[in-house]
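Summary of structural features
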Amino acid sequence: MTTKKVIAVTGASRGIGAAIAFELARRGFTVGCLTRKGKGPEAPEAVEFTRRFVNVACDVTDEASIKAAFAELADKTGGLNGLVNNAGIHLDGASHELTTAIYDKVMATNATATFAGCREAYRHLVKSGGGTIVNIGSFFDKIGVKRNVAYCASKAAVGAITRCLAVEWANRGIRVLDVAPGYIVTDLNRKAMTTGPLAEYLKKRIPGGSTGTTSDVAKLVAAIFSEAIPFLSGETIYLDGAQGINH
Ligand code: NAP
């Protein structure tokens, strides 16, 4: 891709989304930072590339908001060439008492919004002559995790959405991929993942002994856009330090 390509990233305010936005900008992309507040990523130490950010308000659970955000971004930049559906939530609870409201909320943010984001990006990508969509899934899509029925179901749906759209839209020059991380340390979960029982468990479960970083995910996603490999589509690419295949 050339330096003029425009990639939208949902949930770019913090965590993995912010890291993806910075990595894409570092590589010369114009990045549409779609956040609920309409402000750029909260990472004041990394101001260097913020000139390549176009900040747009977007709540991914509101279809009108997604539609308006892409229209505003395309209007300001001249068109859209890619999308990263990153925004997501994690709510857990014992399955026998998990309310349908909580289940639906997780599905709405992680799965339905991913579909709606792809659908609303479609006409912009077609107009640009094609493009690439990266959906952020999770390695929880293929394993059974106690208290995580909604999250696991939502991420399995992300894999299915990715496969269906990759097949359906290939003839329009649109590739769709699912990047599925394992345990990634962010500012929000750092304490739980680096000290205490979860940290001890992960040290044993992840073959290399340590969790991933937001930079790991950002580099993989940015590489997908930078390298533009036309034959790579529909796949779920796991980035979990081999935890998901560890016996
Ligand atoms: P995070 O730090 O909690 O950030 C979540 C992001 O999603 C925030 O930017 C948040 O925006 C945004 N968001 C949530 N609901 C939204 C909505 N309705 N509309 C727009 N934005 C919304 O989480 P993260 O760890 O960076 O996770 C990012 C993605 O990676 C998620 O899809 C998650 O499932 C996936 N993932 C994470 C891990 C991990 O270990 N961290 C592992 C596998 C997969 P606000 O700032 O407005 O709340």
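Here goes a summary of the coordinates provided. (Residues numbered from 1 in each chain as written. Predicted model: local features only at pLDDT ≥ 70, side-chain atom pairs only at ≥ 80, totals over all residues. Heavy atoms only, no water.)

Some words on the overall build of the protein chain
Looking only at helices and strands, the protein chain features seven helices and nine strands. Taking the principal axes of the C-alpha coordinates as reference, the protein chain spans close to 50 × 40 × 35 Å. Counting across all 247 residues of the protein chain, residues that qualify as buried make up 48%. Residue pairs in contact within the protein chain that sit at least 24 positions apart in sequence constitute 70% of those at least 6 positions apart. When the accessible surface of the protein chain is split by element, carbon and sulfur atoms take 55% of a total near 12,100 Å². Mean positive and mean negative side-chain charge positions of the protein chain (29 and 22 charges, respectively) differ by 3 Å. (Helix = DSSP H or I, 4+ residues; strand = E, 2+ residues; numbered from the N terminus. Buried < 20%, exposed > 50% of the residue type's maximum accessible area, 1.4 Å probe, protein only. Contact = heavy atoms within 4.5 Å. Areas by Shrake-Rupley, 256 points an atom, 1.4 Å probe, with all protein chains shown as cover. Lys, Arg positive; Asp, Glu negative; His and termini not counted. Charge placed at Lys NZ, Arg CZ, Asp CG, Glu CD.)

A short note on the environment of Thr186
As for its position among the elements, Thr186 is in the loop between strand 7 (184-185) and helix 5 (190-194). Among the residues examined, Thr186 registers a relative accessible area of 14% and is labelled buried. Along the sequence, Thr186 and Gly15 sit 171 residues apart, while their C-alpha atoms lie 5.4 Å from each other. If we skip the residues at most four places from it in the chain, Thr186 touches Gly15, Ile16 and Thr214.

Here we look at the packing of helix 1 (residues 15-26) against helix 7 (residues 214-227)
The contact between helix 1 and helix 7 brings their axes to 8 Å, and the two run at 45 degrees. It follows that helix 1 is oblique to helix 7 by the angle criterion. By crossing handedness, the relation of helix 1 to helix 7 is classed as right-handed. Where helix 1 abuts helix 7, its residues Gly15, Ile16, Ala19, Ile20, Glu23 and Leu24 lie against Thr214, Val217, Ala218, Lys219, Val221, Ala222 and Phe225. Here the contact of helix 1 with helix 7 is composed, by residue class, of nine nonpolar, two polar and two charged. (Axes fitted to C-alpha atoms, helices over the stretch in contact; angles between N-to-C directions. Parallel < 35°, antiparallel > 145°, perpendicular 65-115°, else oblique. Left-handed = near helix turned anticlockwise from the far one by under 90°. Nonpolar A, V, L, I, M, F, W, Y, C, P; charged D, E, K, R; others polar.)

A short note on helix 1
Over its twelve residues, helix 1 extends 17 Å from the first C-alpha to the last, a length consistent with the 16 Å expected when each residue adds 1.5 Å. In terms of residue burial, helix 1 counts as a mostly covered element, since ten of its twelve residues are buried. Residues Ile16, Gly17, Ala18, Ala19, Ile20, Ala21, Phe22, Glu23, Leu24 and Ala25 constitute the buried set of helix 1. The positive-phi residue at the C-terminal boundary of helix 1 is Gly28, with phi of around 100 degrees. (Expected span 1.5 Å × (residues − 1).)

Some points on the pattern of salt bridges
Inspection of the entire model under this criterion finds nine salt bridges. Measuring nitrogen to oxygen at the nearest pair gives 3.8 Å for the salt bridge that ties Glu120 to Lys67. Of this pair, Glu120 sits in helix 3 (residues 100-127) while Lys67 sits in helix 2 (residues 63-77), and the two are 53 residues apart along the sequence. Given a relative accessible area of 9%, Glu120 falls into the buried group. Judged by relative accessible area, Lys67 falls into the partly exposed class, the value being 47%. Measuring nitrogen to oxygen at the nearest pair gives 2.7 Å for the salt bridge that ties Glu72 to Lys76. Here Glu72 pairs with Lys76, and both are found in helix 2, just four residues apart, close to one helical turn. (Salt bridge = Lys/Arg side-chain N within 4 Å of Asp/Glu carboxyl O.)

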